[in-house]
Structure formats: C-alpha cells, structure tokens
Amino acid sequence: MRVIVDAMGGDNAPGEIVKGALAAAKELGADITLTGRREALLHCVHAEGLSEPPRNVAICHADGVVSMEDDPQRAVRDKQDSSMFLALRMLAAGEGDALVSAGNTGALLSGATLLVKRIRGIRRAALCPFLPTAKGRALLIDCGANAECTPEYLLQFAFMGSFYATAQTGIVSPRVGLLNIGSEPTKGTALQKEAYALLQKALGEGLLNFTGNVEGRGVPLGEADVVVADGYSGNILLKAMEGTGIMFAGMLKKMFLSGVSSKFAALLLQKPIGELKKTMDYTETGGTPLLGLQKPVIKAHGSSNAKALKNAVRQAMLFHGSGVIGKIEENMSKMKMEVAVNDGV
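Thresholds, definitions, all that
- Residues numbered from 1 in each chain as written.
- Predicted model: local features only at pLDDT ≥ 70, side-chain atom pairs only at ≥ 80, totals over all residues.
- Heavy atoms only, no water.
- Pairing = 2+ DSSP bridges.
- Helix = DSSP H or I, 4+ residues; strand = E, 2+ residues; numbered from the N terminus.
- Axes fitted to C-alpha atoms, helices over the stretch in contact; angles between N-to-C directions.
- Contact = heavy atoms within 4.5 Å.
- Parallel < 35°, antiparallel > 145°, perpendicular 65-115°, else oblique.
- Left-handed = near helix turned anticlockwise from the far one by under 90°.
- Nonpolar A, V, L, I, M, F, W, Y, C, P; charged D, E, K, R; others polar.

## Topic: the sheet that holds strand β7 (residues 136-141)
Pairing between sheet strands relies on hydrogen bonds along the backbone, with the strands arranged either parallel or antiparallel.
Stage number 1. Within the open sheet, the five strands sit side by side as β6-β7-β10-β8-β9. Their pairing is mixed. Only two strands of the sheet have a single neighbouring strand rather than two, namely β6 (130-133) and β9 (209-214). Strand-to-strand, the axes of this sheet are offset by a mean angle of 30 degrees, without reference to chain direction.
Stage number 2. In this sheet, strand β10 (residues 226-228) lies alongside strand β8 (residues 175-179) in parallel orientation, the contact comprising three bridges. Residue pairing in the sheet places Leu178 in a bridge with Val228 of β10.
Stage number 3. Packing against the sheet, helix α6 (residues 151-169) makes contact with β6, β7, β8 and β10, and its axis sits at approximately 150 degrees to β7.
Stage number 4. Here helix α8 (residues 231-256) sits on the sheet in contact with β6, β7 and β8, set at roughly 50 degrees to β6.

Right, here's the structure in full:
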C-alpha cells in the first residue's frame, strides 16, 4: 500500500520525518510519498547516506508549510499550496491509501473534513489514542478534535471507538464508559446527562456494552476499554496522564540514583522498568487515526521523531487493513437515537 506523508509537518520536520519515512519504507515495505519542498527533502535523504530516494519512496513538491502556530481556518484558506493540503488532495484523489501528518492538528482536521470528507452520517471526526491502564490499555475518544460536542457526537464516538478497539485489541464487546465527575447517572452537565441516556438506550438495545460513567481516576485503573469524552475534557485527561507518567519516571530515576544500593536495585529491575517505560512511550504507537473520515488519516504527535513517524506509518497500514471504516459505514443506522431527558434522569 502507499502511504502519503506530510514531510513538512511537525516540530522536527523535515529531518526526522524523512528519516522515519525512509525507515518505514525499508522495514515495513511500505510505498511512501513525501510531500514538501523537494530540495529540503532531498537534502534529508542525502543526510541518511543515500544519493537518491529508494525506489518505493517518491517526492511530490509543495512550496508552502502549515506551521504549528497557524490558525486552522486561515490555513485552510491561505495554505492550499502546503505539504499538508497537497497530501490531503492526493489521498482524496486516490493517489494513496492512507496519510500521516505530525502537523497542526486543527488544520489537519479541518482540511481532512473538507477534502477527504467524513463518512456519510458521521457528524464529527474524532482523535482516539490508546492510554495505558492497570488492565492493559483503553481507547480515549475524543482527545482534542472537538472541544464542543452534542450528545449525538458522543454516541457516535462510542460506536466508532468500540469498532476500533475491537479491531486493535480483539475484545469482542469492549466496555464503554462515559468520562464524568461521578459514577451516578445524574452527575455532570446537560451534555453528560443526555449522552448517558443515549448510551443507556444503546445498551438496552444490545448495540453497545455501556457500563456507565467513569471518573478520571478510574481510567488508568482500567474501568473501561473505551472512554468517551468531549474533546475538551478528553484532552485534559490525556495531558494529565502524560504529565503523571513523566513525573513518576523522574521520581523513579531520582530514587534509583540516590545511592549505591538503589543503583544495584535499578540494575535488577532494569528489564521491567524498560517494559513499563515502553507502555508510556508515544513513539511506540506513533499516531492515532481521525475516526469518522472516509479514508485513513493518522495524526502523529507534533514532536514525533523518526521512530514515532515510522510507527505512525505502521499504524496507518494496520488501520487501512482493519476494516473499521467499512464497519462504521455499515452501522450508521444504529447511531441515530433520541430520548427524552430531564434533570431527574
């Protein structure tokens, strides 16, 4: 399959992006198309000791660059000559099977919605990373693509997240939890109360394995396999868990370097500590799909290095072959529910 890579997107572009794309082409056997400034990309290829791109790597020139600071709507209007929008047009035209970008999230979402387009009936595309938990991992949907949501959006997120979680983990009926400030159905704002009623109805009809509200502390404890949230709350949860992981890593390092006996203990625990660190390392996953689009678009972390970009390409290949997009299309009729909700629900 051919993966289109926005080679100018991200904090470490184009050097780390090209390096990771070349690694993906070599190690994963992917056909890669790099979009961006040709001379800059060729310079990066030469820096990797190659006189020219490998046979399965192509370069498509684009003058413009969408920066991480660009306003998404202005980028859509003024940066159509950029590497990101060339990549999106190519994907929409069928010149590739999937797209990877570490660039501006808002611009990628807006551009993908405009050019690649959402699955018919899906109201909003959503970002859905996996989070490490005490019981394995949980899918968080949404984590920042949609700061303001309606109950219908959250219902659709629950369905899409369930299909994707099943494809990635093999769990036939993943537990769906609604992120909230308490476990009771009456907790939260009107959004959470109305979404709870919709999800409860889907449970009653045997469409979703909705297990109720899940508090922030319950997410890392593994109380749900799919955590449904509006993008505002979901992003806060994601960043809080990332920060906690960084804090504990620093505390462990300080503790193990505090004395001779501690250093010896660190040597004995080197392997399990390494495995724990791996579960918290975003570069191992590489990226997350924008669920709800007609074709695979993978958002890689803005600070992606070569390893993360290579694994984002791997993620794109896996997602392309997962059949999740078709699963969502087949089940659109199940995602439309209406219930009467009042303050006593």
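## Considerations on the packing of helix α1 (residues 15-27) against helix α12 (residues 306-322)
Stage number 1. Packing of α1 against α12 leaves a shortest axis separation of 7 Å and a crossing angle of 50 degrees. Considering their axes alone, α1 and α12 lie oblique with respect to each other. As for the relative orientation of α1 and α12, their crossing is right-handed in sense. Contact residues: α1 offers Glu16, Ile17, Lys19, Gly20, Ala21, Ala23, Ala24 and Glu27, while α12 offers Ala306, Leu309, Lys310 and Val313.
Stage number 2. Residue composition of the contact of α1 with α12, by class: seven nonpolar, one polar and four charged.

## Some details on the packing of α1 against helix α2 (residues 38-47)
Stage number 1. At a closest axis distance of 9 Å, the pairing of α1 and α2 adopts a crossing angle of 60 degrees. Overall, the two elements α1 and α2 adopt an arrangement that is oblique. Of the two possible hands of crossing, α1 and α2 adopt the one that is right-handed. On α2, the residues touching Gly15, Val18 and Leu22 of α1 are Leu41, Cys44 and Val45.
Stage number 2. Residue composition of the contact of α1 with α2, grouped by class: five nonpolar, one polar and no charged.

As far as function goes, none of this settles anything; it's purely spatial.
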